[in-house]
Amino acid sequence: MERILSREFEETENYSVMEKLKIGIVGISDHSGVSFLTGCLGRYLANTGKHRPVVAEFGKGSLFDSYGMDKRFAGRLYFQFFNALIQNKSIRGRKNMDEGVNWLLKSPDEQKLKLTFEQNLRLANHGSGDLILCDFSGNQELDRQLLLGMDQIIAVIDPMPSKMLEGHHLLCCIKNMEQNGEAAVTYVINKFNKGVNRRQMLDYLNIKKPVIIPLIKAELIYTAEYNCKIPYTLNEAKNVLQKPLTEICMRLNGIESAIPEKQGHPFRLNVINL
């Protein structure tokens, strides 16, 4: 498909060396916006110029086509991590850097590959970067042990009543993990809009101080895909997303501070071993 690619990010290698922080991003129901949040958060972190975020897919891969990776890597190698893991090949030090993010995405011919628990661990631990955003979207058989291997969990919730009811069991599981001290969880309400009854939503979910992300206009998502862009790079979307993404980063244990990038201050990360 003929699409236009324009870059807004110059690659640099000025990153401080630190221990990896693994963040699992999970939707309590289908199509809650996990991949959308993961990609935008990765680009947000890359914009600081101080970190080398990794975006890794552990569920149904969708970002390769959404972001036009075939265009982005035209004329250079896109390393297929999933094929390499299935074939028991080394992935240490391998990377697919573009716009400051290392993309560990499922290419079209890797979509049907299913990794074992051990192979998923290798993917999470050996991605070249200092902060790994693990996209669990579309993972109907979510491995609890793999989720427990994350340093942090972001639970993404679509506030539509049918979607909250669909995700009741998984939300309860995540709450239990949090209450038992097994996981540090940040709750994110995605797609918030004027049709949502905030009081009823919060009464049902019974979670404390979730981060609220407003519903992004559908035309912005379409515009981004037709131009092979990450939605966060569109100014109108960035104006909506920057504040909640900053709040998410400030909630995560291990990120000491998160100053909006427009102020010219980078993040400072102190990793906490959980």
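Because the structure is a prediction, the values reported are computed rather than measured.

Rules behind the numbers
Each chain carries its own residue numbering, running from 1 in the written order of its sequence. This being a predicted model, a pLDDT of at least 70 is required before a residue's local features are given, and a value of 80 or more before pairs of side-chain atoms are given or counted; all residues contribute to the totals for chains, interfaces and linings. Side-chain numbers here rest on the full set of heavy atoms in the structure, without hydrogens or water. For each residue, the accessible area found with a 1.4 Å probe, counting protein chains only, is set against the maximum for its type, and the residue is called buried under 20%, exposed over 50%, and partly exposed in between. Segments assigned H or I by DSSP are reported as helices when at least four residues long, segments assigned E as strands when at least two residues long, and all are numbered from the N terminus. What makes two strands pair is DSSP finding at least two bridges between them. A pair of aromatic rings is counted whenever rings of Phe, Tyr or Trp (Trp by its six-membered ring) have centres within 6.5 Å, and the orientation is called stacked for planes under 30 degrees apart, edge-to-face for over 60 and tilted otherwise. Whether a charge sits over a ring depends on NZ of Lys or CZ of Arg being within 6 Å of the ring centre and within 35 degrees of the ring normal. Every helix has an expected span of 1.5 Å times one less than the residues it contains. Here, axes are lines fitted to C-alpha atoms. For helices the fit covers the stretch in contact, and angles between N-to-C directions go from 0 to 180 degrees. Roughly parallel means an angle under 35 degrees; roughly antiparallel means over 145; roughly perpendicular covers 65 to 115; every other angle is labelled oblique. Contact between two residues is taken to exist if any of their heavy atoms lie within 4.5 Å; hydrogens are not considered.

A. Just the pairing of strand S4 (residues 101–104), in detail. Neither face of S4 is left uncovered, since the one carrying Val101 and Trp103 and the one carrying Asn102 and Leu104 both have all their residues buried. Note: strand S2 (residues 53–57) against S4, 3 bridges, orientation parallel. Residue pairing across strands places alanine 56 opposite leucine 104, the latter belonging to S4. In this structure, strand S3 (residues 97–98) lies alongside S4, joined through 2 bridges in antiparallel fashion. Among the inter-strand pairings, aspartate 98 is bridged to a residue of S4, identified as valine 101. Here S3 folds back onto S4, and the loop between the two strands holds 2 residues, one of which, glutamate 99, carries a positive phi near 55°.

B. View of unusual backbone geometry. Not every positive phi belongs to a glycine, and asparagine 88 is a case in point at roughly 60°. Its location among the elements puts asparagine 88 in the loop between helix H4 (81–86) and S3. Its identity is not glycine, yet lysine 209 carries a phi of approximately 45°, on the positive side. Mapped onto the elements, lysine 209 comes out in the loop between helix H9 (198–205) and strand S8 (211–214).

C. Expanded view of the pairing of strand S1 (residues 21–27). Of all 7 residues in S1, 7 are buried, a share of seventy percent or more. Every second residue of S1 is oriented toward a common face, with Leu21, Ile23, Ile25 and Gly27 on one face and Lys22, Gly24 and Val26 on the other, all of them buried. Bridge count between S1 and strand S5 (residues 131–135): 5 bridges; the pairing is parallel. For isoleucine 25, the partnering residue across the bridge sits in S5 and is aspartate 135. The pairing of S1 with strand S6 (residues 152–157) spans 5 bridges and is parallel. Pairing of isoleucine 25 across the sheet is with isoleucine 154, part of S6.

D. Structural context of the packing of aromatic side chains. Counted according to the given criterion, the structure contains 6 aromatic pairs. Summarising the aromatic geometry, the rings of tyrosine 44 and tyrosine 232 are spaced 5.8 Å apart at their centres and angled 80° between planes, so their arrangement reads as edge-to-face. Taken as a pair, tyrosine 44 in helix H1 (residues 34–46) and tyrosine 232 in the loop between helix H10 (218–226) and helix H11 (235–251) lie far apart in primary sequence, 188 residues in all. Take tyrosine 44 and tyrosine 232: they sit in the same class, and that class is buried. In textbook terms, an aromatic cluster arises when at least three aromatic residues are bridged by ring pairs, as seen for Phe64, Phe73 and Tyr78. The ring of phenylalanine 73 has arginine 76 lying over it, and the distance from NZ or CZ to the ring centre is 4.0 Å.

E. Just H1, in detail. A rise of 1.5 Å per residue sets the reference length of H1, with its 13 residues, at 18 Å; its end C-alpha atoms lie 18 Å apart and thus fit the reference within 8%. Within H1, 13 of the 13 residues are buried, leaving the element largely enclosed by the surrounding structure.

F. Spatial organisation of the packing of H1 against H11. Taken N-terminus to C-terminus, the directions of H1 and H11 make an angle of 85°; their axes are 11 Å apart at the nearest point. With respect to H11, the element H1 is oriented roughly perpendicular. The residues of H11 that touch H1, namely those facing Phe36, Leu37, Cys40, Leu41, Tyr44 and Leu45, are Leu241, Gln242, Leu245, Thr246, Ile248 and Cys249.

These figures come from the coordinates and say nothing about function on their own.
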